[in-house]
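# A structural walkthrough
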Amino acid sequence: MTRSLYKSHKVLASLAFLALLPSLPAQHKRIPVRNFTSAAAAERDELKFDDSVVPVAAASGQPLLKPPVLLIGREAASETQSAVAKAIREADRHFQSGKFLLQESKPEEARREFDMAVDLLLDLPEDTAERQVAERKAEELIRLIHRYSLESSGPRDQESPAYVQSPLPAMLDLTFPIDPSMTNKVLAQVAATSSQLPLVVNDAVLSYVNYFTSERGRRVLYAGIRRSGRYKPMISRILDEEGVPQELIFLAQAESAFMPQAVSRAAATGMWQFVRFRGEEYGLNSDRYGDERLDPEKATRAAARHLHELYRQLGDWHLAMAAYNCGPFCVERAVQRTGYADYWELRSRNALPRETRNYVPAILAMAIVAKNLSAYGLEAVQPDQPIEWDTIQMTANTSLALVADAADLPVSDIRDLNPSLLRGIAPSGYQVKVPRGRGNVVLATLDTVPAEKRVAWRLHRVSEGDTLASIARRYSTAASSIVAANPGSNAESIESSDSGEILLIPAVAKAEPAAKAARTRTASASRARTSSSRRATVKVASSSAHHAARKTVAR
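Remember, it's a predicted structure, so these values are computed and weren't measured experimentally.

About the thresholds
- Residues numbered from 1 in each chain as written.
- Predicted model: local features only at pLDDT ≥ 70, side-chain atom pairs only at ≥ 80, totals over all residues.
- Heavy atoms only, no water.
- Axes fitted to C-alpha atoms, helices over the stretch in contact; angles between N-to-C directions.
- Helix = DSSP H or I, 4+ residues; strand = E, 2+ residues; numbered from the N terminus.
- Parallel < 35°, antiparallel > 145°, perpendicular 65-115°, else oblique.
- Left-handed = near helix turned anticlockwise from the far one by under 90°.
- Contact = heavy atoms within 4.5 Å.
- Nonpolar A, V, L, I, M, F, W, Y, C, P; charged D, E, K, R; others polar.
- Core = buried A, V, L, I, M, F, W, Y, C linked by side-chain atoms within 4.5 Å.
- Buried < 20%, exposed > 50% of the residue type's maximum accessible area, 1.4 Å probe, protein only.
- Pairing = 2+ DSSP bridges.
- 1 Å grid on protein atoms, 1.4 Å probe; cavity = no way out; pocket = protein on both sides within 12 Å on 5 of 7 lines; lining within 4 Å.
- Points joined across faces, edges and corners; volume = space filled by probe spheres on them.
- Polar contact = N/O pair within 3.5 Å; in protein donor to acceptor, adjacent residues only side chain to side chain.
- Phe/Tyr/Trp six-rings, centres within 6.5 Å; stacked < 30°, edge-to-face > 60°.
- pLDDT = per-residue confidence, 0-100.
- Salt bridge = Lys/Arg side-chain N within 4 Å of Asp/Glu carboxyl O.

Bringing the packing of helix α10 (residues 249-256) against helix α16 (residues 354-371) into the picture now. Following both chains from N to C, one finds α10 and α16 inclined at 115°, their axes separated by 9 Å at the closest point. Classified by the angle between their axes, α10 and α16 sit roughly perpendicular to one another. Where α10 crosses over α16, the two elements pack in a sense that is right-handed. Where α10 approaches α16, its residues F250, L251, Q253, A254 and E255 are matched on the opposing element by Y359, I363, M366, A367 and A370. Its residues placed into classes, the contact of α10 with α16 shows eight nonpolar, one polar and one charged.

Moving on, we come to the nonpolar core. In this structure, Y208, F212, L221, I235, W272 and Y324 are the most contacted members of the largest nonpolar core, which totals 76 residues. Tallying contributions element by element places α16 first for this core, with 11 residues. Not counting the four nearest positions on each side in its chain, F212 is found in contact with M171, G217, R218, L221, A362, A365, M366, V369 and L378. With 49 residues, the next largest nonpolar core counts L409, I414, I502 and L504 among its residues.

Tracing the sequence through the fold places T300 in helix α12 (residues 296-314). Excluding anything up to four places from it in sequence, T300 contacts M234, I235, I238, M271 and W272.

Residues apart from glycine generally show negative phi values, whereas peptide bonds are mostly found in trans. Its identity is not glycine, yet N350 carries a phi of approximately 55°, on the positive side. Inspection of the secondary structure puts N350 in the loop between α15 (343-348) and α16. The exposure class assigned to N350 is exposed, which follows from its relative accessible area of 55%.

Attention now goes to the pairing of strand β4 (residues 389-393). The two faces of a sheet get side chains in turn, since along a regular strand they alternate between them. When you tally the buried positions in β4, you get four out of five residues, the bulk of the element. In terms of strand pairing, β4 meets strand β7 (residues 431-435) through five bridges, oriented antiparallel. Bridge pairing in β7 links D390 to V434.

Now for empty space enclosed by the protein. A full pass over the atoms with the stated rule returns three cavities of 30 Å³ or more. Roughly 60 Å³ of internal volume is contained in the largest cavity. Lining the largest cavity we find Y231, P260, P296, E297, I387, W389, D416, L417, P419 and K433. Secondary-structure elements contributing two or more residues to the lining of the largest cavity are α12 and α18 (411-417). Taken together, the residues of the lining of the largest cavity break down into seven nonpolar, no polar and three charged.

What follows concerns the side chain of R461. Within the element layout of this structure, R461 appears in strand β8 (residues 458-461). Within the structure, R461 has its side chain in polar contact with the side chain of D408 (distance 2.5 Å).

So, about the packing of aromatic side chains. Aromatic ring pairs are defined here through the distance separating the ring centres and the angle between the ring planes. Across all of its chains, the model carries seven aromatic pairs by this definition. Ring geometry for Y208 against Y211: centres 6.4 Å apart, planes inclined by 85°, an arrangement best described as edge-to-face. Of this pair, Y208 and Y211 both sit in helix α8 (residues 203-212), separated by three residues, roughly a single helical turn. Accessibility assignment for this pair places Y208 and Y211 in one class, buried. Here the aromatic residues Y208, Y211 and F212 are joined through ring pairs into a cluster of three or more.

Parts of the prediction with low pLDDT should not have their coordinates interpreted in detail. A residue-level look at the protein finds 72% of positions with pLDDT of 70 or above and a mean pLDDT of 77. Below a pLDDT of 50 lies the segment residues 155-160, which in the model reaches 11 contacts outside its immediate sequence neighbourhood of four places, other chains included. Segment residues 512-554: pLDDT under 50, and 24 contacts once partners within four positions in sequence are set aside and those in other chains are kept.

This part is about the pattern of salt bridges. The final tally for this structure, using the stated rule, is 21 salt bridges. One salt bridge connects R237 with E241, and the closest N-O pair in it is separated by 3.7 Å. Of this pair, R237 and E241 both sit in helix α9 (residues 215-241), four residues apart, roughly one helical turn. We note a salt bridge from D405 to R458, for which the minimum N-O separation is 2.6 Å. Here R458 lies in strand β8 and D405 lies in helix α17 (residues 400-407), a separation of 53 residues in the sequence. With relative accessibility at 14%, the residue D405 sits in the buried group. Overlapping salt bridges, with partners in common, bring together R237, E241, E242, E297, R301 and R305 in one network.

What follows is the structure, given as C-alpha cells:
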C-alpha cells in the first residue's frame with residue numbers, strides 16, 4: 001500500500017517540481033558528511049521536559065552562537081547495525097540532499113534524491129525484521145517531501161489564513177426521501193446501541209439516515225470520521241470533564257468536519273463555529289496576532305461549557321443542541337409561544353428556524369450511522385492518527401518559520417498545530433504547540449537566537465552541498481552578515497561545517513507592502529467619516545437578512 005501511494009505521489013511531485021523557478025547557478029563546494037557530536041547535543045539529551053508548559057529560556061541579548069545543536073540524532077555507522085537502521089540512515093542522507101537541491105531550485109535532481117530515499121526503505125525484503133519501522137519512516141518522508149515541495153513553489157501569505165467553508169449550511173438546506181424499509185433496522189440498531197445522548201428515530205432522523213447512507217452523504221460522513229481521529233482523544237477527554245454526552249462530538253463533525261479553520265456564511269469560525277461575541281463569553285479572545293476560536297483545544301473546551309450551560313438552562317439535550325444552532329433566546333421564545341419545552345414538538349409546530357429544524361435530526365442520524373457503519377452497508381473508515389504536541393511558551397515575539405527551523409520541520413507543520421495564529425508570528429507569552437517529543441529541542445535551539453531578533457532571523461541546518469553563497473542566496477541576505485552573526489566563524493569554517501550544525505541567519509522581516517498599508521489607511525479614514533452617519537441610520541432588515549441575523553446569534 002505504501003509503495004503504491006508513493007508511486008502516485010511521484011507523478012504529482014514531478015508536476016509540482018516542474019512548476020518551480022528556473023535553476024540557479026550550480027557552482028557549489030561539496031562538504032563531506034562526517035559524524036558530528038557537540039556539548040550542546042549532550043546538554044539537550046539531559047533536559048527534563050514537563051508535559052505542561054515549558055518556558056523558553058531568556059536569551060542573553062548578545063548575538064552569540066552557541067555550540068551547534070543536532071536536531072535529529074545520528075548514530076555512528078557500525079557493522080552491528082541492522083539492515084533497517086542502515087537503510088534509514090542512508091534514506092535520511094538522500095532526503096537532506098534532496099532538501100538542499102530543492103532549495104537551490106533544482107527540482108529534477110531533488111526528486112531523484114527523494115525517490116532514492118523512499119525506495120531504500122520500500123525495497124527492503126518483506127521478511128526483514130523491523131520492516132514496519134522502515135515503512136513508517138517511508139510514510140513520514142513522503143509526507144515531508146510533499147510539504148517541502150509545496151512550500152518551495154512559493155511563499156504563503158502569513159496574514160491570510162486558509163479558511164474553508166463550513167459544510168453545514170449545504171447539508172441543512174437539502175431535503176431527503178425516507179426509506180420505509182429502513183425504519184425497523186434503525187429502530188433495532190438504536191435499541192442495541194449504548195449512548196449518553198438520547199437517540200430518537202422518526203421521519204426527520206430517518207431522512208438523514210438515508211442521506212448518510214447514500215453516495216453523496218457517505219462521502220461527507222467518511223471525511224468527517226477520517227479527520228476526527230486527529231482530535232477525538234482530546235475532544236472525548238474534554239466532553240467527559242465538562243459532563244457533556246460523548247455523542248456531541250458529531251456536532252463538531254456536522255459544523256466543520258473537524259476543520260479548525262472552517263467559517264460559515266454568518267461569520268461563525270472554527271471547529272465548533274463560534275461567532276465572535278459568543279466566543280469571547282467563553283474566553284476565546286482575538287487580536288491582531290490570532291483568533292482563539294481557531295484553536296481546537298480551547299474551542300472544544302468553550303463549546304463543551306456552552307453546551308452544558310444550555311442544558312442546565314433548558315433541561316434537555318435536544319433543546320440545548322437547537323439553542324447551540326439558533327441561540328438560547330430563539331429557543332426560549334419558541335417555548336414561551338407554544339408552551340412546549342420539547343424540541344420535537346417545537347419542530348412539528350414550525351416554531352424554530354428551518355435550519356434548526358434540520359440541525360438536530362442531522363446530528364442524531366450521523367451518530368446512529370457512524371456507531372455501526374456495517375449495519376448500513378458502509379465500509380469501516382480508518383481515522384487519521386491523533387495529533388500530539390508539546391507546548392512551549394514564548395518569551396519574545398517569534399516567527400513560526402523560526403520555530404519550524406528549530407524543529408527541523410516544514411513551517412506548514414507548525415502552522416497546522418497552531419491554526420489560531422493569523423500572522424505567522426507567536427507573540428511573547430503565547431503557548432506554541434510543536435510535535436510531541438520536540439519541545440526541549442526547540443527550546444534549546446531557539447535560545448541561540450537573540451530575543452529581539454526572533455521575528456526576522458532564521459536558523460539554517462547545514463546540509464551536504466551547502467556553501468556560504470548558497471545559504472546567503474536562499475535567505476536573501478549578505479554572506480558577510482551571516483559570518484558576522486556567527487562570531488568566531490568565517491567563510492571557510494562555515495563551508496567546512498559538519499552536516500547538522502546550526503547557523504544563525506540575520507534575515508530581515510518583510511515590511512508591509514506600501515499599497516496594502518495605503519489601503520488600510522484609506523479604509524480606516526473611510527470608516528471614521530461614515531461612523532456618525534451609520535449610528536444615526538436605522539435600517540429595516542428584510543426577512544432573509546433577519547433570518548441570517550438569527551443564525552449569527554446562534555453560537
